[in-house]
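Descriptive structure summary
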Amino acid sequence: MIHKILVANRGEIARRVFTTCRRLGIGTVAVYTDPDADAPHVAEADVRVRLEGRNGYLDAAQLITAARTAGADAVHPGYGFLSENPDFAAAVQDAGLTWIGPPVPAVQAMGSKIEAKKLMAAAGVPVLAELDPDSVTADQLPVLIKASAGGGGRGMRVVRDLSALPAEVAAAQREAQSAFGDPTVFCERYLTAGHHIEVQVMADGHGTVWAVGERECSIQRRHQKVIEEAPSPLVERTPGMRDKLFDAARLAAGAIGYTGAGTVEFMADGHGDFFFLEMNTRLQVEHPVTEETTGLDLVALQIDVADGARLPTQPPPARGHAIEARLYAEDPAKDWQPQAGALHRFAVPAARAEFDTLGRTGVRLDSGVVDGSVISVFYDPMLAKVISFAATRERAAAVLAESLSRAVIHGPGTNRDLLVNVLRHPAFIAGDTDTAFFDTHGLVQLAAGRDISALAALAAAIADAAHNRATARAFGPAPSGWRNLFSGYQSRTFRDADDREHLVRYRFGRGGVEVPDRDDVAVVSSGPARVVLAVEGAEHAFDVARYGAEVFVDSALGTARLTGLPRFPDPDAAVAHGSLLAPMPGSVVRVGAAAGDTVTAGQPLIWLEAMKMEHTIAAPGDGVLAELNVQAGQQVEVGTVLARIHGPESGPEKEMS
């Protein structure tokens, strides 16, 4: 019987496994690297072991030593990192530890997507033909480049122009090497508007193989899933498709002698025809939607199967509908740029459960962060998974959208508005969810939240004034701020997330707070943390929180992130016109031009790697690269001036803005 489990992972999945361990009376061991020293998963474990280096989660020897040092007798790999590495699985078993995962040969068989497709084709599972990147023709476009050892969208590129193929293959190889230690990539035909359908399987060592249920994961960005749900709308409306999917998934698992939890992934067209993509020999990020619709604890089943237990003959029937939204620290409108920094406050007030099934209509939160967490550039930017369950799909979407809209997130920017807008979009509600959803319905429009910046700035200015009045010290018999003459207007200026400035004028008079520039707004009440404004007669409460110059304003109308500007700016803080700034902390992978070169608008100049993904910094317009301040291999912080461009006709004395 397993007594103590080391989770060879971090963040949300480590906390998820620990939750089940506590329920089963099993001890827990956390591992951590220096950027994660204060992470929640570290604090929650019975024993903690520090790993050397930021890539410690990929160091099998360190992980096994940590397990022995902490007295663990089993290892759970989570997902990502070494979870699908057969050498790590074998090393765990060679060390006399229980591997909570499938047999090593099964991990090996599915570890190479190239070999896995050949194996599945031989077993009778429908597959898309593999294409050699060196021999792709124009007639075969568009194609999808994929990392053979990959997952999570890393090392993936869509290519529609044959001339772009070599550069995209090289970029995919770099990402694959960085994320998985294996640069091998291949191509396959790309279904422009397909459906990503997957089947959760669970198998024991006694011959029982379950197809627990299917999930649809078609809402994706950069080939990474954003919203997942169970059951699949496509499967629900396609007669006979579920039985065929389940048969194919069981056939795939049986072909490799699989045991434990796994997921067989398929790409389907709108008519219900489907093709094998890959098999993930681990727990999936989106496993909670299957747990919610079946009542199962998939982590507990993993542990039981690793202990040699038998599964019942049939899995429990599915009921209701569950939807999961992945909340990321990123800017969808800026090519999904990851965001990093301090997360001052994080709460989902509607959540009724954490890492546990709901059983009735509501919201579950599986999070890797808490108040005060720091979002690191070195790891995946996912903050949390917010999961809803209800009797119907429409109700599940409404509950999840409302919960997300009321979440309190004070820190780096997130994709929260995008998630809410997708969940409330008529096409999503109708079940029209294919992989081209963002292209079809407009990413920029979907990513935009309701603009309340002007109202938020007004509320923030009045809250600041109320805070100053409440904390000011009085000198003499009169209260601080008292005067016997009518005062002039005070002013505050804030900058919003779109770099717009909002000047707010106000004054406190006998009749309350006066706002001369907004005839449609009246101040009902004011305090340091809450301001109530009547907007065209309807009263709305605005909660205001300050963290230095950062101000966050939350209301039922929407949220806003502001920066309070000083009355007298520091001239030394100004950035020269034409400067290209690092949008995130990261490492410079390569540089595409030299100082003095003529560049054109949109030309890639610098490639940054952050969170195992490459991000391109392009020239904003035509000009000359006057300065280049970085080189390959250099680590940069957000806001670093990478380069500076002069406009084509201006010369050095007239620079581009």
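Here the residue numbers are simple positions, counted from 1 along each chain's written sequence. The predicted nature of this model means local features are confined to residues of pLDDT at least 70 and side-chain atom pairs, given and counted, to a pLDDT of 80 or more, with totals for whole chains, interfaces and linings taken over all residues. Just so you know, side-chain values use all the structure's heavy atoms and leave hydrogens and water out.

**Considering the overall build of the chain**
For clarity, the cut-off: Each helix is a run of DSSP H or I of at least 4 residues and each strand a run of E of at least 2, with the numbering of both proceeding from the N terminus. Each radius of gyration reported is based on C-alpha atoms, and the globular scaling rule is 2.2 Å times the count of residues to the power 0.38. Using a 1.4 Å probe on the protein chains alone, a residue whose accessible area is under 20% of its type maximum counts as buried, one over 50% counts as exposed, and one in between counts as partly exposed. The criterion used for residue contact is that any of the two residues' heavy atoms lie within 4.5 Å. The Shrake-Rupley method, run with a 1.4 Å probe sphere, supplies the accessible areas, and residue values consider only the shown protein chains as cover. Counted charges follow a simple rule, with Lys and Arg positive, Asp and Glu negative, and His plus the chain ends left uncounted. To locate a charge, take atom NZ for lysine, CZ for arginine, CG for aspartate or CD for glutamate.
Along the backbone of the chain there are 17 helices and 40 strands. In summary, the chain has a C-alpha radius of gyration of 27 Å against a globular reference of 26 Å for 657 residues, a match within 12%. With the C-alpha coordinates of the chain rotated into their principal frame, the extents come out at 90 × 60 × 55 Å. With 657 residues in all, the chain has 53% of them scored as buried. When contacts within the chain are restricted to residue pairs at least 6 apart in sequence, long-range pairs at least 24 apart make up 63% of them. When the accessible surface of the chain is totalled, it reaches about 27,600 Å², and 50% of it is carbon and sulfur. Between the averaged position of the 61 positive side-chain charges in the chain and that of its 82 negative side-chain charges there is a distance of 6 Å.

**A closer look at the pairing of strand S14 (residues 274–280)**
Cut-off, in case you're wondering: Strand pairing is assigned whenever DSSP detects at least two bridges linking the two strands.
Within S14, six of the seven residues are buried, leaving the element largely enclosed by the surrounding structure. Of the strand pairs in this sheet, strand S13 (residues 260–268) and S14 are connected by six bridges, and their pairing is antiparallel. Within the sheet, the bridge partner assigned to Phe266 lies in S14 and is Phe276. Following S13, the chain reverses through five residues before pairing antiparallel with S14; Gly272 in that reversal takes a positive phi of roughly 100°.

**Quick notes on the sheet that holds strand S33 (residues 579–581)**
The pairing of strands in a sheet comes from backbone hydrogen bonds and takes either a parallel or an antiparallel form. Read across the open sheet, the four strands follow the order S33-S40-S38-S35; overall the sheet is antiparallel. Both outer strands of the open sheet, S33 and strand S35 (598–599), are each paired with one neighbouring strand and no more.

**Some thoughts on the nonpolar core**
Here is the rule we go by: Among buried residues, those of type Ala, Val, Leu, Ile, Met, Phe, Trp, Tyr and Cys that are joined through side-chain atoms within 4.5 Å constitute a nonpolar core.
Grouped together as the largest cluster of nonpolar side chains are 37 residues, with contacts concentrated most on Ile227, Phe346, Val422 and Phe428. The contact partners of Ile227, leaving out residues within four places of it in the chain, are Glu216, Cys217, Ser218, Ile219, Ile323, Glu324, Ala325, Leu419, Val422, Leu423 and Phe428. Membership of the second largest hydrophobic core comes to 29 residues, among which are Ile26, Val212, Val285 and Met382.

**A short note on the domain arrangement of the chain**
As a reminder of what qualifies: Residue ranges assigned to each domain were obtained from an automatic or database domain assignment.
Along its sequence, the chain is organised into domain 1 (4–100), domain 2 (458–565) and domain 3 (579–646). Once you take the C-alpha centre of each, domain 1 and domain 2 turn out to be 49 Å apart.

**Points about the packing of helix H12 (residues 393–405) against helix H13 (residues 416–423)**
Quick reminder of the rule: All axes are obtained by fitting lines to C-alpha atoms, using only the stretch in contact for helices, and the reported angles, taken between N-to-C directions, cover 0 to 180 degrees. An angle below 35 degrees is read as roughly parallel, one above 145 as roughly antiparallel, one from 65 to 115 as roughly perpendicular, and any other as oblique. Left-handed describes a crossing in which the near helix is turned anticlockwise from the far one by less than a right angle; the clockwise case is right-handed.
Contact geometry of H12 with H13 gives a least axis separation of 9 Å together with a crossing angle of 155°. Looking at the two axes, H12 sits roughly antiparallel to H13. The handedness of the crossing between H12 and H13 is left-handed. Where H12 approaches H13, its residues Ala397, Leu400, Ala401, Leu404 and Ser405 are matched on the opposing element by Arg416, Leu419, Val420 and Leu423.

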